[in-house]
Every structure is written in structure tokens, then in C-alpha cells.
Amino acid sequence: LLRSSQPLTGPNRRRCREDEKLLGTILDEGERGFIIDTRSAQAAKQARMSGGGTEPKSCYPQWRRLHRALERGRPLQESFTRLVEACSDPSLSMDRWLGRLESSRWLGHVKAALSTACLAAQCLDREDSKVLVHGAEGTDTTLLVTALAQLILDPSCRTLEGFQGLLEREWIEAGHPFHLRCARSASSHARGKQEAPLFLLFLDCVWQLSRQFPFSLEFGEQLLLTLFDNAYASAYGTFLCNNEKERSVLCKVKESTHSLWAWLNQPEEKHKYLNPLYSHNPLVIWPSVEPQSIQLWQGLFLRWIRPSQHLDEAWAEIQRLVEGN
């Protein structure tokens, strides 16, 4: 599974022979690969108008391009804003609430992300093919797909330690611009042009996996909520800055801040984030993306409206029973 940090062709150039040579060396003679393009049709059209876009298929004869558009900018941000507004209005009737939930299109974004990740996983697992995922910049929807595909395929990524490694590798080191995307509170009405809840969308998709496969992930919902909170406001330096250069050279994050992972992995803290029902599952977990299978993440979006006391007590009782046996 590969990710591209830039489009396969750039503005004002017809071909990129370096990319062609690189991709040509990945595949053996007669082997086929898949390129999953996560850009929207509008973004691809704009790129073509500026002389970029995509190269002719003849330049990559062993690769098959699959276009799966995923929103990453303003449309995703507006979708999230509409959902937050609906969740913050307790006066809505059931019909109006369901209507506003549907019109927000947030669950549609969740479905699209999971569907594209499943496509990448199927190409790897069932077709035994190489897969290249790329988008407009390679730091948003590209990372969303590659990280989810690994969770689906690799049981080691579903452990607490493996999941932390996945986030470090696929989001932080790969250059997701947390400072730009999570500049303000997730529920703030003031928005910058670069803000977009891509990381939140990823966490929502992970929650969907944990709900559909309650025994297969070593960590629980509390970890996902903690990651969400720390991505927007944190006492730790793990999600600071926009890339490795800013973190290591400009801000010296490792020298001047503490790591969120070090705090989470303390024995007195770690047990809060573990799933007491976890049982190692060596198999691929294929999520359902049918409309009735994708649900609203109430633990996050309704966390300040829906009392959680009874759910917390039930979870504590499950943990006590499991530890007792």
C-alpha cells in the first residue's frame, strides 16, 4: 500500500517521467496495480485547466486508475458544521432532527471514506495487487484511506500500541497539517480557509469499525474521544505543527513538550482506554457500509447533551466482570 504526496502530474507539464519510472519499478513484468484517486471531480477538472490533472493511461500501462472522490475542504467543513448545529439544538422534533442529520451529509462522508478504504483493502487482499493512493496534496484524504485500509487488513494496527504507531506513521510523520486543519475549536463558527475535520472523520470511521467489530479492537471509545480533544487543544506536543520540519527544526517539539503517547501508556492511565472485550482477531475485518450500518457517533456528537452516566457504569461493570474471570 503506497501513498503519493503529490499528483502524478503537475501544472504546466505534460508528463513526469520520474514518477513513471518509479511506478514502473514497483511492479514486476505482467503484474497489475491500482491507483486510487481521492480527488473530487471539480478538483481534477481545475487541475486539468491549469495544465495538470492526470497523465494519459498509456504512461502507466500496468496501472489501473480508480476514481473515488472524497471531500476534504469546505464541503466537509460545512457538513460538519451543520451536524454540530443540529446536535446542539434540543428543541428539534424527531422528524426535523432526522431531516437535519440527513441534510448535513456527514454520515455520507463516513460511508464514502470507509468504502474507499475497503476498495484499497480488497485490491491488496483479494487481488494481491499493489495500490497507490493519492489526492490533491497527499496529506488529507490520502492518509484517511491508507490508515483505514491498514486497520481493516492488519490486526497489529488494532492493538493500542499498533494504533498509536499507525497514527504516528500515517498522520503525524506523513505530514497531515494539524495546525491548519484544527486551528480552532471543532465547534467554533469562525472558520479559516484551511480548516477541515479530516482527522475527526478518520476517528469517526474507526468508531464505526469498533461498533461493528466490538471484540477486534484493543482500545475503546474513550481513546478516540481523547485523541479528538487533543487534536484541537492539548497539553502535549504530539499534534502540534503541520509537518516534521516544523516539529523538529522550527519548534523542537520533542525537546520542549511531552508526548501524548507517553501519558496514555502509563499503567494508571492505560487501563482507561482498553477494550475489556478485546480478543485478538487475525482476520480481515470488512465493515458494512449499508445505510443502516453507518450510525451517528453519539458518544462524540451528543456528548454534552446525552447523559453518559449509565453507559459509563455499564462499561465499568463489563470491565469488572471480565477482569474477575
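Residues numbered from 1 in each chain as written. Predicted model: local features only at pLDDT ≥ 70, side-chain atom pairs only at ≥ 80, totals over all residues. Heavy atoms only, no water.

A word on the packing of aromatic side chains
What counts, and what does not: We call Phe, Tyr and Trp rings a pair once their centres come within 6.5 Å, taking the six-membered ring for Trp, and we label the pair stacked below 30 degrees between planes, edge-to-face above 60, and tilted otherwise. Labels follow the DSSP assignment, with helices taken as runs of H or I lasting at least four residues and strands as runs of E lasting at least two, numbered in each case from the N terminus. Per-residue accessibility, obtained with a 1.4 Å probe over protein chains only, is compared with the maximum for each type, and a residue is labelled buried under 20%, exposed over 50%, and partly exposed between these values.
Under the criterion given, the structure shown has 16 aromatic pairs. With 5.5 Å between their ring centres and 50° between their planes, F199 and F239 make a pair best called tilted. Here F239 lies in the loop between α10 (221-232) and α11 (244-250) and F199 lies in helix α9 (residues 198-212), a separation of 40 residues in the sequence. Relative accessible area serves as the criterion here: at 2%, F199 is assigned to the buried category. For F239, a relative accessible area of 6% corresponds to the buried category. Relative to Y232, the ring of F228 has its centre 5.3 Å away and its plane inclined at 55°; by these criteria the two rings are tilted. Here F228 and its partner Y232 are both found in helix α10, four residues apart, which amounts to about one turn of the helix.

A closer look at the packing of helix α7 (residues 160-172) against α10
Helix-helix packing is characterised by the crossing angle of the two axes and by the distance between the axes. The criterion, for reference: Axis geometry follows a simple rule: fit a line to the C-alpha atoms, using only the stretch in contact for helices, then measure angles between N-to-C directions, giving values from 0 to 180 degrees. For classification, angles of less than 35 degrees are called roughly parallel, those exceeding 145 degrees roughly antiparallel, those between 65 and 115 degrees roughly perpendicular, and all remaining angles oblique. A clockwise turn of the near helix away from the far one marks a right-handed crossing, whereas an anticlockwise turn of less than a right angle marks a left-handed crossing. Between two residues, a contact is recorded if the distance between any of their heavy atoms is within 4.5 Å.
The geometry of α7 relative to α10 is characterised by a closest axis approach of 13 Å and an angle of 25° between their N-to-C directions. The angle between α7 and α10 falls in the class roughly parallel. Crossing handedness for the pair α7 and α10: right-handed. Residue-level contacts link L160, F163 and L167 of α7 to L223, L224 and L227 of α10.

Side note on the layout of surface pockets
Note the threshold: Lining residues are those with an atom within 4 Å of a point, where the points come from a 1 Å grid over the protein atoms alone and group into cavities, where a 1.4 Å probe fits but cannot get out, or pockets, open sets with protein on both sides within 12 Å along at least five of seven lines. Grid points are joined across faces, edges and corners, and a volume is the space filled by probe spheres set on the points. Polar here means any residue outside two lists: the nonpolar Ala, Val, Leu, Ile, Met, Phe, Trp, Tyr, Cys and Pro, and the charged Asp, Glu, Lys and Arg; Gly therefore counts as polar.
Considering only enclosed or pocket space, the largest pocket measures out at about 850 Å³ in volume. In terms of lining, the largest pocket is formed by 29 residues, of which the most central are W207, E221, Q222, L311 and W315. Secondary structure elements with two or more residues in the lining of the largest pocket: α9, α10, α15 (298-301) and α16 (309-324). Looking at which element gives the most residues to the lining of the largest pocket, the answer is α16, with seven residues. Within the lining of the largest pocket, the residues separate by chemical class into 14 nonpolar, nine polar and six charged. Approximately 620 Å³ is the volume found for the second largest pocket. Residue assignment for the lining of the second largest pocket shows that the elements contributing at least two residues are α2 (41-49) and α3 (74-87). Of the residues forming the lining of the second largest pocket, the biggest block, four residues, is contributed by α2.

Some details on the pattern of salt bridges
Applicable threshold: Salt bridge, as used here: a side-chain nitrogen of Lys or Arg that lies within 4 Å of a carboxyl oxygen of Asp or Glu.
For the structure shown, the criterion picks out 13 salt bridges. With its nearest N and O atoms 4.0 Å apart, the salt bridge here joins R181 to E137. Of the two residues, R181 is situated in helix α8 (residues 178-181) and E137 in the loop between β4 (130-134) and α6 (141-153); the sequence distance between them amounts to 44 residues. Under the relative-accessibility criterion, R181 is labelled buried at 3%. Put simply, R72, E137, D140 and R181 are held in one network by salt bridges that share partners.

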